[in-house]
Amino acid sequence: MLSERMLKALNEQLNRELYSAYLYFAMAAYFEDMNLEGFASWMKAQAEEELGHALRFYNYIYERNGRVELSEIPKPPKEWESPVKAFEATYEHEKFISKSIHELAALAEEEKDYPTRAFLEWFINEQVEEEANVKRVLDQLKFAGDSPQVLLMLDRELGARAPKLPGILMAGE
């Protein structure tokens, strides 16, 4: 059974994951408005992944006889100065999520909640991958500078990462 402190912290993380999806959907809309469909597709896939993370927390809370408590999701920004600024915001957000997961793991250790600590191991590893993927795109965007040709090439490359539910998340399908 989860302690009250752990249950509260897990619910907070579930809600952070939902906000992450909301943020990435907002970024997808920003990129769609710029006709950068590859960037939009990448962000939709990212949003879908965050929804999956939220569902993992949701299911785990119930597996441990807890109660999910959803809170209001804050409105994300809808504009960024540039694709670079959008990916800088993404990178900062992923680092924030990593820090949150690390704090949860520390709480689980403090409370000697070994099942929760084991559950969080997947997220710890996942966040390493998340940060690296975003940083790679950010570095490429910075390298592109003001080159529209490189931006369009990167847009095509990022379009290869599509959401798994394309009929739902892709325009025109």
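Residues numbered from 1 in each chain as written. Predicted model: local features only at pLDDT ≥ 70, side-chain atom pairs only at ≥ 80, totals over all residues. Heavy atoms only, no water.

An unreviewed UniProt entry lists the protein under the name Ferritin, from Thermococcus celer Vu 13 = JCM 8558.

Asker: Describe in detail the nonpolar core, supporting the description with residues and values.
Answerer: Considering soluble globular proteins, one finds that nonpolar side chains tend to be buried as a cluster. By size, the foremost hydrophobic cluster in this structure holds 25 residues, and its most contacted members are F31, F39, W42, M43, W80 and F87. Broken down by secondary-structure element, the contributors of at least two residues to this core are helix 1 (4-33), helix 2 (37-63), helix 3 (83-110), helix 4 (114-144) and helix 5 (148-158). Discounting residues that sit within four places of it in the chain, W42 has contacts with F87, V134, V137, L158 and R161. Within the second largest apolar cluster, 22 residues are counted, among which are M6, I97, A105 and L120. (Core = buried A, V, L, I, M, F, W, Y, C linked by side-chain atoms within 4.5 Å. Buried < 20%, exposed > 50% of the residue type's maximum accessible area, 1.4 Å probe, protein only. Helix = DSSP H or I, 4+ residues; strand = E, 2+ residues; numbered from the N terminus. Contact = heavy atoms within 4.5 Å.)

Asker: Break down the packing of aromatic side chains for me, citing the residues and quoting the values.
Answerer: Enumeration according to the criterion identifies 12 aromatic pairs in this entry. With a centroid separation of 5.4 Å and 70° between ring planes, the pair formed by Y30 and W80 is classed as edge-to-face. Highlighted residues: Y30 in helix 1 and W80 in the loop between helix 2 and helix 3, separated in sequence by 50 residues. With relative accessibility at 13%, the residue W80 sits in the buried group. Taking the centre distance of 4.9 Å and the plane angle of 25° together, the rings of F31 and F39 count as stacked. (Phe/Tyr/Trp six-rings, centres within 6.5 Å; stacked < 30°, edge-to-face > 60°.)

Asker: Explain the pattern of salt bridges to me, using residue names and the numbers behind them.
Answerer: Applying the stated criterion to the full structure yields 15 salt bridges. E49 is the salt-bridge partner of R161, the closest N and O atoms lying 3.1 Å from each other. Of this pair, R161 sits in the loop between helix 5 and helix 6 (166-169) while E49 sits in helix 2, and the two are 112 residues apart along the sequence. When its relative accessible area of 26% is taken as the criterion, E49 is described as partly exposed. Salt bridges here are not isolated pairs; linked through shared partners, they connect R5, E110 and E111. (Salt bridge = Lys/Arg side-chain N within 4 Å of Asp/Glu carboxyl O.)

Asker: Break down the environment of L14 for me, citing the residues and quoting the values.
Answerer: Take L14: it is sitting in helix 1. Judged by its relative accessible area of 2%, L14 falls in the buried class. If sequence neighbours within four positions are ignored, L14 has contacts with A54, F57, Y58, I61, V68 and L70.

Asker: Run through unusual backbone geometry, naming residues and quoting values.
Answerer: Non-glycine residue N35 carries a positive phi angle of around 60°. Among the structural elements, N35 can be located in the loop between helix 1 and helix 2. For N35, a relative accessible area of 61% puts it in the exposed group. Unlike most non-glycine residues, K112 shows phi in positive territory, near 55°. For K112, the position within the fold is in the loop between helix 3 and helix 4.

Asker: Could you give an account of the side chain of E130, naming the residues involved and the relevant values?
Answerer: Following the sequence through the fold, E130 ends up in helix 4. Beyond its immediate sequence surroundings of up to four residues, E130 is in contact with Q46, E49, E50, H53 and E94.

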